[in-house]
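# Fold and contact review
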Amino acid sequence: QEDLYIYETNPADPNQYRYQENWEKMKIIQEKIQIKDKSAITVDLKFTRHGPVLYEDKNHHKAYALRAAWLEIGAAPYLASLRMDQARNWEEFRDACSFSRTPSENMVWADAENNIGWQAVGITPLRKNWNGLLPVPGDGRYEWKGYLPLKDLPHTFNPPEGYFATANQDNIPPGYPYDIGFIWTDPYRFSRIQEFLGSGRKLAMTDMMELQQDFLSIPARTLIPLLKELRSNDTRTQKAIKMLLSWDYVMDADSVEAAIYMSWERRLSRNVWDLYIPENARRIFPRRSLKKLIDFLQAPDSQFGPNPASARDALLIKSLEEGVSDLVNRLDSDMSKWQYGQEKFHHIRIQHMLSNAVKPELRAELEVGPLPRGGNSYTVNNTSSGYNQTSGASFRIIVDLGNWDNSLGTNSPGQSGDPKSPHYADLFDMWAKAKYFPIFFSRTKIESAAERVTLLKPAL
């Protein structure tokens, strides 16, 4: 949805940039910025025909500006939800989706007549002679040719599988004629959902709860068999191999094997990518695909050396030995204490936006946690792969379309934003332990569960 444009600026006037055969004047807006305990400063905000100027290289007479589709008039996020809420059928839903221009998302439909559908949404520039991955000159040769009609974005209605799943994976149909995205998550969460939903058995609400909270790791199930014929001279590492080979690949918070696997995966990722990415380029590629890494390990090439298979095996053992050493240093020398979901390893502490700006006693009121967490970035229940969970689902819902009052949900940390309220973190423990609460829709049910009613009256 964005392009970075590079302009030649006028040596005689850096506020002019070349467009086609002419110099165009930048629009300049002055803003005054107040600074605590200092004098205010005035800054010039500059704009080209394409968007805001992000950087100027006055020595080389260059300027850089961003054109962003989400800055277009009518691209206000989420307002299209009001239309979707009133849709009475699939076509009305798709009409409503055509107004959902930012952010790019997957919208799904289900109704009481057993119809299901998926519609991708997002405003997509049409580029005729480039794909948007690299900066381009802003001199008029690289202009958008309008936008792709939202109804032409990928969609499906009543797919033959009987379900449709999205987990931020690449779900663009083969042969689709437009470049609408290049960055996707690895496919493992989607693959696990496919396994679950494609089992052929009928599924109840409890099955949906199980799926949303699923901690089975397909990457672990794929990587660990590579250790089957390997040995380590380190006693603790050899024990770790034996434990991993008999593990069920479920990354529960109380699992020792999950801690061993995660520590190994981290070291393995670093060591393999060090082979493929030169040192001076590593900071440019912070996102490193686990799918690619597993492909490299399953079919090692010359990047591993003259004998790729044996070098791969040596790297697997070296990485596991390093991972075991990390666990000794971080947790304990006693392997039985290496439980995955602990504060020193994989946990959740929700940090308030003001945490670093307030006194410790107030910070303790604002922050929530820590609590143990299972899973990681590649499990259906995505809990991220760092030591502290920083992303994943807070709110979830399972809707019974036959009886809306039977719907269930989770949320975190609570029902109030006031730290003095008993409801500030009243859902946090339930959420962390995969427990659900009822979500009522009918007025009767809602009123039956109401603790109090707040009445807002306009001032006279």
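To be clear, the structure that these remarks concern was listed above.
In this report, the structure presented in the accompanying data block is examined. Given the structure is predicted, the values throughout are model-derived calculations rather than measurements.

What counts as what
- Residues numbered from 1 in each chain as written.
- Predicted model: local features only at pLDDT ≥ 70, side-chain atom pairs only at ≥ 80, totals over all residues.
- Heavy atoms only, no water.
- Helix = DSSP H or I, 4+ residues; strand = E, 2+ residues; numbered from the N terminus.
- Buried < 20%, exposed > 50% of the residue type's maximum accessible area, 1.4 Å probe, protein only.
- Contact = heavy atoms within 4.5 Å.
- Areas by Shrake-Rupley, 256 points an atom, 1.4 Å probe, with all protein chains shown as cover.
- Lys, Arg positive; Asp, Glu negative; His and termini not counted.
- Charge placed at Lys NZ, Arg CZ, Asp CG, Glu CD.
- Pairing = 2+ DSSP bridges.
- Axes fitted to C-alpha atoms, helices over the stretch in contact; angles between N-to-C directions.
- Phe/Tyr/Trp six-rings, centres within 6.5 Å; stacked < 30°, edge-to-face > 60°.
- Lys NZ or Arg CZ within 6 Å of the ring centre and 35° of its normal.
- 1 Å grid on protein atoms, 1.4 Å probe; cavity = no way out; pocket = protein on both sides within 12 Å on 5 of 7 lines; lining within 4 Å.
- Points joined across faces, edges and corners; volume = space filled by probe spheres on them.
- Nonpolar A, V, L, I, M, F, W, Y, C, P; charged D, E, K, R; others polar.
- Arc of directions from axis to C-beta.
- Polar contact = N/O pair within 3.5 Å; in protein donor to acceptor, adjacent residues only side chain to side chain.
- Parallel < 35°, antiparallel > 145°, perpendicular 65-115°, else oblique.
- Left-handed = near helix turned anticlockwise from the far one by under 90°.

## Description of the overall build of the protein
When helices and strands are counted, the protein shows 12 helices and 16 strands. Overall, the protein is about 75 × 70 × 60 Å in size when its C-alpha atoms are taken along their principal axes. Relative to its 460 residues, the protein shows a buried fraction of 39%. At a minimum sequence separation of 6, the contacts of the protein that also span at least 24 residues come to 58%. Summing over all exposed atoms, the protein offers an accessible surface of approximately 26,900 Å²; the carbon and sulfur share of this is 51%. Each charge class in the protein was averaged separately, 56 positive and 58 negative side chains, and the resulting centres sit 3 Å apart.

## Quick word on the sheet that holds strand β11 (residues 155-157)
Strand order in this open sheet of three strands is β8-β9-β11, and the pairing throughout is antiparallel. Of all the strands in the sheet, the pair left with one neighbour each is β8 (105-110) and β11. Between one strand axis and the next, the sheet turns through 15° on average, direction left out of account. Judged from the three bridges that link them, strand β9 (residues 116-121) and β11 form a sheet pairing that is antiparallel.

## Regarding the packing of aromatic side chains
Across all of its chains, the model carries 21 aromatic pairs by this definition. Taking 6.0 Å as the distance between ring centres and 40° as the angle between the ring planes, the aromatic pair formed by W247 and Y261 counts as tilted. Within this pair, whereas W247 is found in the loop between α6 (235-245) and α7 (256-276), its partner Y261 is found in helix α7, the two being separated by 14 residues in sequence. The same class applies to W247 and to Y261, which are both buried. Between F345 and Y387 the ring centres are 5.5 Å apart and the planes differ by 75°, which places this aromatic pair in the edge-to-face class. Of the two residues, F345 sits in the loop between α9 (308-330) and β12 (347-350) while Y387 sits in the loop between β13 (368-372) and β14 (396-398), which places them 42 residues apart along the sequence. Since its relative accessible area comes to 1%, F345 is described here as buried. An aromatic cluster is defined as three or more aromatic residues linked by ring pairs; in this entry it consists of W90, F93, W109 and F157. Against the face of F345 rests R266, its NZ or CZ located 5.0 Å from the ring centre. R373 extends its terminal NZ or CZ atom over the ring of W431, reaching a point 4.3 Å from the ring centre.

## Here we look at the sheet that holds β14
Strand order in the open sheet formed by three strands is β14-β15-β16, and the pairing between neighbours is antiparallel. Of all strands in the sheet, those bounded by a partner on one side alone are β14 and β16 (437-438). Bridging between β14 and strand β15 (residues 408-410) involves three bridges; their strand directions are antiparallel. Looking at the pairing, I397 lines up with G409 of β15.

## A closer look at the layout of surface pockets
Quantified by volume, the second largest pocket comes out at close to 370 Å³. Lining the second largest pocket are Y78, S81, M84, D85, A87, F93, E105, M107, V108, W109 and A110. Those elements giving two or more residues to the lining of the second largest pocket turn out to be α1 (81-84) and β8. Looking at the lining of the second largest pocket, the element that brings in the most residues is β8, giving five residues. Of the residues contributing to the lining of the second largest pocket, the split by class is eight nonpolar, one polar and two charged.

## Side note on helix α4 (residues 205-212)
Considered for burial, the residues of α4 that qualify are D207, L211 and Q212. Take α4 and look down its axis: the buried residues cluster within an arc of 135°, on one side only. In this structure, the buried residues of α4 make contact with α3 (188-197) and β14.

## Digging into the side chain of N10
On the secondary structure map, N10 appears in strand β1 (residues 2-10). Polar side-chain contacts of N10 include one of 3.0 Å to the backbone nitrogen of A12. In this structure the side chain of N10 is engaged in a polar contact, spanning 2.8 Å, whose partner is the side chain of Q16. Excluding its chain neighbours within four sequence positions, the residues that come into contact with N10 are Q16 and W23.

## Some remarks on the environment of Q20
Structurally, the position occupied by Q20 is in the loop between β2 (13-19) and β3 (22-25). Here the alpha-carbon distance between Q20 and G140, two residues 120 residues apart in the chain, equals 5.6 Å.

## Observations concerning the packing of α6 against α7
Closest axis-to-axis distance for the α6/α7 pair is 10 Å, and the angle between their directions is 115°. In terms of orientation, α6 and α7 fall into the roughly perpendicular class. Two packed elements cross with a definite hand, and for α6 against α7 that hand is left-handed. Where α6 abuts α7, its residues A240, M243 and L244 lie against V256, E257, I260, Y261 and W264. Per-class residue counts for the contact of α6 with α7 are seven nonpolar, no polar and one charged.

## Considerations on the side chain of N171
Within the element layout of this structure, N171 appears in the loop between β11 and α3. At 3.2 Å, the side chain of N171 forms a polar contact with the side chain of N106. If we ignore the near neighbours within four places in the chain, the residues touching N171 are N106, W118, T166 and W184.

## What about the environment of N403?
With respect to the helices, strands and loops of the structure, N403 is situated in the loop between β14 and β15. With 291 residues separating them in the primary sequence, N403 and A112 have C-alpha atoms 9.9 Å apart.

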